[in-house]
Amino acid sequence: MGARVQLYQSRFSSPTDAATHGVSFDPTQKAGVTGFFSWGWNPYLATGIEIGYQGVGQDLYGIGVNSAPYTVQVKLHYLRTGIAIQPQYERGVWGLWASISPGFSFLTQSELTYQGDSVLPGNLTTPQVTQTLLRYLDQSTDPNDRLILTRMYQRGVLSLHFTGGLRIRLAEGVWVLGTLFYERSFGDLERKGYTYGKEYTPMYAPGRRPVQYTLTGIQLGVQYTVGLAR
C-alpha cells in the first residue's frame, strides 16, 4: 500500500477547437494525489486498486471580434478509481516499479472562466460555448441553473493511467517512489445533446467532435510492504 503525489501538465484533445482559426491552447499545470492498495503475488507482480483525486484543465486564447485578445479557462475535478497491475523489481536498496491502471474518472466539480473580447455567437467551439453559457448564468435568477456547470459534462468517463520509474528503500518495507506518468480519458468528456434553459437551448453544436483529456508529469510517493506469516 502507499500514496503518490503527482505534478503534471493537463490538456484537452479537442479536434473541433484545434481546427478552428482563432483558437489556441496552453497546457495547464495541475496537481493530484493517488492512494493504492495491492497484493503481491510474487516478487515481480502485484495487483490491487487505486483511488486518486486530480484536476484537469485547459487554457484557450485568441483574438475576438473587436481585434482584442480573449482567454478561456476550463477546470474539471475528477475522482479516479481503477484496478492496478503493478510489475516490480528489487535489487538491494533500489528497484523498478510500475503501475497500469484502467478505470473510471468521476466528475466532482467544474469551473468555467471567460475574460476579454467577445467571440462570434454560437456553440461549436469551447470559447463560444463558455461565452454563451456564462452570459446566460449572469442573467439567470434560478439558483438551480448553477448545476449546468457539471451537467454539461459526462459524470464518468473511462481512463487509463500508467506510471513507472525507480524506487529506493528507506527502511525495511518502506520504499520511496519516483516515477513518470501518463493518463488519458476515452469517450467524450462533454454531454453532447444536453440542453438547458426554458427554451431548451442546445449546449453544443451537432458538429462538435468528442473531447478527451491527457495528463503527463511526475509522481513522488511512498510504498509500504508488509510480509504475511505463512
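Above this text is the structure in question.
Residues numbered from 1 in each chain as written. Predicted model: local features only at pLDDT ≥ 70, side-chain atom pairs only at ≥ 80, totals over all residues. Heavy atoms only, no water.

Draft legend 1. Main features of the pattern of salt bridges. In total, this model carries 8 salt bridges according to the counting rule given. The partner of E183 in a salt bridge is R80, with the nearest N and O atoms 3.6 Å apart. Taken as a pair, E183 in strand β8 (residues 174–185) and R80 in strand β5 (residues 69–91) lie far apart in primary sequence, 103 residues in all. One exposure class covers both E183 and R80, and it is buried. Across the pair E90 and R169 runs a salt bridge, and its minimum N-O distance is 2.5 Å. Linking E90 in strand β5 with R169 in strand β7 (residues 156–171), this pair joins segments that are 79 residues apart in sequence. (Salt bridge = Lys/Arg side-chain N within 4 Å of Asp/Glu carboxyl O. Helix = DSSP H or I, 4+ residues; strand = E, 2+ residues; numbered from the N terminus. Buried < 20%, exposed > 50% of the residue type's maximum accessible area, 1.4 Å probe, protein only.)

Draft legend 2. Broad picture of unusual backbone geometry. The backbone of S67 shows a phi angle near 65°, a positive value even though the residue is not glycine. Mapped onto the fold, S67 is located in the loop between β4 (45–63) and β5. Since its relative accessible area comes to 63%, S67 is described here as exposed. You will see that Y200, though not glycine, has its phi angle at about 55°, which is positive. By the secondary structure assignment, Y200 is in the loop between β9 (195–196) and β10 (201–202). According to the relative accessible area criterion, Y200 is exposed, its value standing at 61%.

Draft legend 3. Expanded view of the pairing of β7. Here 13 bridges tie strand β6 (residues 94–116) to β7, and the two strands are oriented antiparallel to one another. Its bridge partner lying in β7, S101 is registered against H161. Direction of pairing for β7 relative to β8: antiparallel, over a ladder of 12 bridges. Across the sheet, the residue bridging to G165 is T179, located in β8. A loop of 2 residues connects β7 with β8, the two strands running antiparallel in sequence, and G173 in this loop sits at a positive phi of about 85°. (Pairing = 2+ DSSP bridges.)

Draft legend 4. Main features of the environment of L79. Structurally, L79 is set in strand β5. Between the alpha carbons of L79 and I51 there is a distance of 7.3 Å; along the sequence they are 28 residues apart. The residues touching L79, leaving out its near neighbours within four places in the chain, are I51, G52, Y53, F104, S105, F106 and T108. (Contact = heavy atoms within 4.5 Å.)

Draft legend 5. Broad picture of the packing of aromatic side chains. A full pass over the atoms with the stated rule returns 8 aromatic pairs. Between the aromatic rings of Y89 and W94, the centroid separation amounts to 6.3 Å while the plane-to-plane angle is 65°, which identifies the pairing as edge-to-face. Here Y89 falls in the partly exposed class, since its relative accessible area comes to 30%. Judged by its relative accessible area of 36%, W94 falls in the partly exposed class. Measuring from ring centre to ring centre gives 6.0 Å for F104 and F106, while their planes differ by 25°; the resulting arrangement is stacked. Under the relative-accessibility criterion, F106 is labelled partly exposed at 37%. Above the ring of F186, the side-chain terminus of R184 is found at 4.4 Å from the ring centroid. Over the ring of Y204 we find K192, and its NZ or CZ is 5.2 Å from the ring centre. (Phe/Tyr/Trp six-rings, centres within 6.5 Å; stacked < 30°, edge-to-face > 60°. Lys NZ or Arg CZ within 6 Å of the ring centre and 35° of its normal.)

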